[in-house]
Amino acid sequence: MIRSELVQQLAKDNSGLSLAEVERIVSVFFEEISERLKEDGRVELRGFGAFSTRARVARTGRNPRTGESVKVDAKRVPYFKPGKEMRARLNM
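The rules behind each value
- Residues numbered from 1 in each chain as written.
- Predicted model: local features only at pLDDT ≥ 70, side-chain atom pairs only at ≥ 80, totals over all residues.
- Heavy atoms only, no water.
- Pairing = 2+ DSSP bridges.
- Helix = DSSP H or I, 4+ residues; strand = E, 2+ residues; numbered from the N terminus.
- Axes fitted to C-alpha atoms, helices over the stretch in contact; angles between N-to-C directions.
- Contact = heavy atoms within 4.5 Å.

**Student:** How do you make sense of the sheet that holds strand E5 (residues 75-82) when you look at a structure like this?
**Tutor:** Within a sheet, neighbouring strands are paired by backbone hydrogen bonds and run either parallel or antiparallel to one another. Here 3 strands make up an open sheet; going across it, the order is E1-E2-E5 and the pairing antiparallel. Either end of the sheet is taken by a strand with one partner, and the two such strands are strand E1 (43-45) and E5. With strand direction ignored, the average angle separating the axes of adjacent strands in the sheet is 30°. Sheet analysis places E1 next to strand E2 (residues 49-56), joined by 3 bridges and oriented antiparallel. Its bridge partner lying in E2, Glu44 is registered against Ala50. Running over the sheet, helix H2 (residues 19-38) touches E1 and E2 and is turned about 40° from E2.

Right, dumping it as structure tokens:
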């Protein structure tokens with residue numbers, strides 16, 4: 001499912017909201033998760049899962065095309081851990 005399909009489904013399930021209102025709700029939801037992660041926070045949605053970040057150390061990589069060594073800087077990457085209910089649903 002892509003973002004536009006999510007918006008369409010939510011609008012269909014909530015006939016009292018316009019498509020523009022649903023789009024704004026989805027945008028705010030994703031923006032808030034992104035902002036919290038940017039601040040090194042954690043977002044936990046009970047029954048769904050938890051979003052957090054993990055640190056990656058600097059390392060030396062390799063360009064697969066040329067075989068040349070390349071320096072890869074340290075960075076933070078997003079991480080998602082599914083909740084107990086989500087894991088149970090996936091393994092029914």
